[in-house]
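# Overview (structure and organization)
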Amino acid sequence: MKKLLLISAATLIVSNSTFAGGILTNTNQHAAFLRMLSRGATTEIDGALSNPAGLAFLPKDGFHVGLSIQSAYQTRNIDASFMTYNGVSATGPTVSDKPFEKYYEGTAAAPVIPSLFAAYKKDKWTISGFFAITAGGGKASFDDGLPMFESAAMAGIFQNSVKAHQANPQSPIIVPGMYDITSAMDGKQYIYSLQLGLSYKATEWLSVFGGGRMNYFTGGYKGFLNAIVKGTDTNLLPLALDCDQTGWGLTPVIGADVKLGKLNIGAKYEFKTNLNIENNTKNIEYPRTPEGEAMIAPYKHGVNTPNDIPAMFSIAAAYEFLPVLRASVEYHFYDDKKAGMANDKQKYLTKGTNEYLAGIEFDVTKQLTLSCGGQITDYGLSDNYQSDTSFSCDSYSLGVGAKIKMNKHLNLNVGYMWTNYEDYTKKSTNYNGTGLPGTNVYSRTNKVFGLSADYSF
């Protein structure tokens, strides 16, 4: 049972992205994405991320810059129901008549997420780059802990007390209700990325791009669990983790853009990023046994864990139906199954992530453009992949917003995106290794607002 608790504590070092995109990737870095969602065939400055080859078709030579600020709020909730032990009979442990039920609420807030885009175009050549947080981007907090902690603690305390009772009949058998469990978890994760690359207009209708992205990972995770016997100061099972992590990796990026009259097609491929994160562990509290030492070894100070960024392919087509009406469709594929994760967790995915996007924009006046869009995200999830500290849900997102042309040099974009997630139900006959059945229903919400300013000179 101590193994279960150690595994639970160790999984604090896993986190999820707080934005749109694959399991470990943020694609929304500009308000133009929030207001339209499909931007893979754009030839505006936000293309430095979504379609860098298309920047060879910027309307004029010179400098082009964009600054975007986003604010995101997400909830990650777990509706848990699991059986518990409540005593011992002549035939062995007895189980409660009704399951223990609790709703665990988690929040992830990222009030200010900046992104900076820049390009310089001279004849057929365009050099471009951006700085952004391409994964993570906020702090996740479960103030009441997680079911994986609580269920394992309940079962572990009971089983340890049974062993103590067998050795000394005067030692009580401890069941839920005789103690109070308090636990909490906070985690934050950021991948800061700086990309530079060069686009070349090979013909009047074809451009190509090559570049690279430097990624720097930083994260911090804190968690604890205490089980205090009622009316005493006795802590039956103290657990704690305080761990910071850092790492870096390089992403090669290539792209192409084909412009055929009113039709524009953009494509991009980002290679897999080999990224290992190293522990800077400040505190670990756990049962000091040989078994405990062996289990906690991967999470001690200085240990490296794989956290690869998956390869990603995107292709999009945009068409101008009228001088004032444009639409775009897009497809993304994230090769998550081939991106290394802690404990080879990627092997439990059934497939990579598929995303389908579409957007439309309409020029109401020469100064005002209104737009909207949608995105469907389909993960290759499985019960073995999902965990309390790292779960995903298939979803669809909707975005609305506007572009305002302030003058011939300055454009403002404003956008709002919300995501609707499909609940994921995970049933187990051996809930968190307790030997008892239980069920978790994972649910999420996500809302993002963004404002961007684009300037050309």
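An account of the accompanying structure is given in this report. What you are looking at is a predicted structure, and each value in this text was computed from that prediction instead of being measured.

Moving on, we come to the pairing of strand 1 (residues 62-82). Pairing of strand 1 with strand 4 (residues 100-122), which is carried by 20 bridges, proceeds in the antiparallel orientation. Bridging across to strand 4, Ala72 finds its partner in Ala110. With 19 bridges connecting them, strand 1 and strand 19 (residues 438-456) associate as antiparallel partners. What sits directly across from Phe82, in strand 19, is Gly438.

Take the packing of aromatic side chains next. Counting across every chain of the model gives 15 aromatic pairs. Between Tyr331 and Tyr356 the ring centres are 5.5 Å apart and the planes differ by 45°, which places this aromatic pair in the tilted class. Within this pair, whereas Tyr331 is found in strand 13 (residues 325-334), its partner Tyr356 is found in strand 14 (residues 353-363), the two being separated by 25 residues in sequence. When its relative accessible area of 24% is taken as the criterion, Tyr331 is described as partly exposed. For Tyr356, a relative accessible area of 42% translates into the label partly exposed. The structure contains a cluster of three or more aromatic residues connected by ring pairs, namely Phe63, Tyr120, Tyr455 and Phe457. A cation over a ring is seen here: Lys345 above Tyr385, with NZ or CZ 4.4 Å from the ring centre. If you follow Arg444 out to its NZ or CZ, it ends over the ring of Phe391, 5.9 Å from the centre.

The biggest cluster of nonpolar side chains holds 34 residues, and the ones touching the most others in it are Ile78, Leu146, Tyr179 and Ile181. Looking at this core, the elements with two or more residues in it are strand 1, helix 4 (147-167), strand 6 (179-201), strand 7 (206-229) and strand 8 (239-260). At five residues, helix 4 tops the list of elements feeding residues into this core. Ignoring sequence-local partners within four residues, the contact set of Ile181 consists of Glu150, Ala153, Met154, Leu225, Asn226 and Ala227. In terms of nonpolar packing, the next biggest core, distinct from the first, is built from ten residues, Ala72, Ala110, Ile133 and Met417 among them.

Scoring rules and cut-offs
- Residues numbered from 1 in each chain as written.
- Predicted model: local features only at pLDDT ≥ 70, side-chain atom pairs only at ≥ 80, totals over all residues.
- Heavy atoms only, no water.
- Pairing = 2+ DSSP bridges.
- Helix = DSSP H or I, 4+ residues; strand = E, 2+ residues; numbered from the N terminus.
- Phe/Tyr/Trp six-rings, centres within 6.5 Å; stacked < 30°, edge-to-face > 60°.
- Buried < 20%, exposed > 50% of the residue type's maximum accessible area, 1.4 Å probe, protein only.
- Lys NZ or Arg CZ within 6 Å of the ring centre and 35° of its normal.
- Core = buried A, V, L, I, M, F, W, Y, C linked by side-chain atoms within 4.5 Å.
- Contact = heavy atoms within 4.5 Å.

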